[in-house]
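Below, each chain spelled out in residue letters.
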Amino acid sequence: MKAVRARVVNWRCISDVELELSRLNVLIGKNSTGKSSLAYAIYLASKSSEQRPFTPEDLVMQLYGHGFEMLARKVDGQPQLPISIRIGEEELVVRPRQEAGKLEVIRPKDSPWADEYLLPSRRIDYFHLLMFASKLVRAASRGETSRTRPLTGSLAGVISIFGGLLEMLKELPILPPFGRFAMDLAQALGVPIEPISGEIRDVGSYVVSVPYVLQLVDFTFRDPFTELVLPLELSPDGIVDLSLFNMMTARVPKRSLVVIEEPEIHKNPVMVLEFVEQMAKRALERDLTLVMTTHSDLIPSALARLAGYGLLRPDDIRIYYLSRTAEKPWTEVTRLEVYEDGTYEGFPDAEEVVSRLF
């Protein structure tokens, strides 16, 4: 895969950062160092291209619930403009207009990726929210059926109300970035006639149904030890997360960009290692670019280990350590080299961690 250069200027806590993206990219660092800001900037710029049906103004509202004027880097309370997010040769620019208080947004003409998909840190909660409307419609349907009445009246009202609720949640800045996640998931799944199913090694299997008329998601998980079939609310969150990644990335176009925040959430260390291997294999299989934000050194360690085993090449992996301090308040990015023996360059704060522990 050809590396893609990205540069982000005047975006949230980022003054001017440049990095190179490969197949599997890890952004790691302490809290509030700009990991998500950088990942979302890359997603936003690519999704804003003229080849996509979304305007940058709509996208930024769906991602953050605020417009560009609130997301520009601020110095002494004043937004620093222009905002520039360059991906390859294309650039998203937000700059002042001549009219006071107005902003001009210039979209990139194209993107190096076929499409873009977001798995935010609160994706499990958002998935439960998507299921909520489906349950209500089914409950209303059962009530109508028990009274042997046609599918009209109260059930039609429920479908209309909750269909409208989902549309409202997608369009308005409620629970951002729920709207973007919901649309990306729906786009990835499409409206299949047959349910989507998959196996997760040593963990179990899942089935996802997307009814054609309602376009609502139905998720069940089969426990491998008892053969019990569990609904979403009784399924382990870690398994749901593995399934979400698996079913989404199995159907996205090849050469897509996938941003996933905190892939380690809801998983024990062994499952994290297995998930990293699953992500790496899927990226190779479908020629995906993955951008991961994480607080866990297990993610880069597991990727480097796969390079040592020969599943990946060191050049497939980019590990970036992000930092901010009182003396240097804007995000700084340090690339950590990955070596052929499965190791990688140590974190800049490794000595601090050891000294605090011991």
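This text gives an overview of the structure that appears in the document.

Reading the values: the criteria
Residues numbered from 1 in each chain as written. Predicted model: local features only at pLDDT ≥ 70, side-chain atom pairs only at ≥ 80, totals over all residues. Heavy atoms only, no water. Phe/Tyr/Trp six-rings, centres within 6.5 Å; stacked < 30°, edge-to-face > 60°. Helix = DSSP H or I, 4+ residues; strand = E, 2+ residues; numbered from the N terminus. Buried < 20%, exposed > 50% of the residue type's maximum accessible area, 1.4 Å probe, protein only. Lys NZ or Arg CZ within 6 Å of the ring centre and 35° of its normal. Expected span 1.5 Å × (residues − 1). Contact = heavy atoms within 4.5 Å. Pairing = 2+ DSSP bridges. Axes fitted to C-alpha atoms, helices over the stretch in contact; angles between N-to-C directions.

## So, the packing of aromatic side chains
Okay, step 1: The tally for this structure, following the rule as stated, stands at 8 aromatic pairs.
Okay, step 2: With centroids separated by 5.9 Å and ring planes inclined at 40°, the aromatic side chains of tyrosine 321 and phenylalanine 347 adopt a geometry described as tilted. Placement of tyrosine 321 in strand E16 (residues 317-323) and of phenylalanine 347 in the loop between strand E17 (332-336) and helix H10 (350-357) is noted, with a sequence separation of 26 residues between them. Phenylalanine 347 matches tyrosine 321 in its accessibility class, with the two residues each being buried.
Okay, step 3: When the centroid spacing of 5.8 Å and the interplanar angle of 65° are considered together, the rings of tyrosine 344 and phenylalanine 347 count as edge-to-face.
Okay, step 4: Among the aromatic residues, those joined into a cluster by ring pairs are Trp11, Tyr40, Tyr64 and Phe68.
Okay, step 5: Sitting above the plane of the tyrosine 117 ring, lysine 47 keeps its charged end 5.5 Å from the centroid.
Okay, step 6: Of note, arginine 73 hangs over the ring of tryptophan 330, and the distance from its end group to the ring centre comes to 4.7 Å.

## Considerations on helix H8 (residues 269-286)
Okay, step 1: Along its 18 residues, H8 runs 26 Å from first to last C-alpha, staying within 8% of the 26 Å computed at 1.5 Å per residue.
Okay, step 2: Listing the buried residues of H8 in full gives Met271, Val272, Phe275, Val276, Glu277, Gln278, Met279, Ala280, Arg282, Ala283 and Arg286.
Okay, step 3: For H8, the elements touching its buried residues are strand E3 (24-29), helix H7 (237-249), strand E14 (257-261), strand E15 (289-294) and helix H9 (298-309).
Okay, step 4: Trailing H8 by a residue or two, aspartate 287 shows a phi angle of about 55°, which is positive.

## Describing H9
Okay, step 1: For H9, spanning 12 residues, the distance from its first C-alpha to its last is 16 Å, which sits close to the expected 16 Å at 1.5 Å a residue.
Okay, step 2: On the buried face of H9, the contacting elements are E3, H8, E15 and E16.
Okay, step 3: Just downstream of H9, glycine 310 is the residue with a positive phi angle, here 90°.

## Notes on the sheet that holds E14
Okay, step 1: If you trace the 6 strands from one edge of the open sheet to the other, you get E9-E14-E15-E3-E16-E17, paired in mixed fashion. Whereas interior strands pair on both sides, the edge strands pair on one side only; in this sheet they are strand E9 (116-119) and E17. When the angles between neighbouring strand axes are averaged without regard to direction, this sheet yields 20°.
Okay, step 2: Strand direction decides the pairing type here: E3 and E16, joined by 6 bridges, are parallel. Residue pairing across strands places valine 26 opposite isoleucine 319, the latter belonging to E16.

## Focus on the sheet that holds strand E7 (residues 90-96)
Okay, step 1: A sheet is described by the order of its strands in space; here 5 strands give the open sequence E2-E1-E6-E7-E8, paired in antiparallel fashion. Edge positions in the sheet fall to strand E2 (14-21) and strand E8 (103-106), since each of these pairs with one other strand and no more. Here the strands of the sheet are splayed against their neighbours by 10° on average, with no regard to which way each runs.
Okay, step 2: Summarising the sheet, strand E6 (residues 83-87) and E7 pair through 5 bridges and their orientation is antiparallel. Bridging across to E7, isoleucine 85 finds its partner in leucine 92.
Okay, step 3: Of the strands in this sheet, strand E1 (4-11), E2, E6 and E7 are in contact with helix H1 (residues 35-47), which crosses E1 at around 110°.

## Brief notes about the environment of serine 15
Okay, step 1: Note that serine 15 resides in strand E2.
Okay, step 2: Serine 15 sits 59 residues away from lysine 74 along the chain, and the two C-alpha atoms are 9.5 Å apart.
Okay, step 3: Setting aside anything within four residues of it in sequence, one finds serine 15 in contact with Val8, Val9, Asn10, Arg73 and Trp330.

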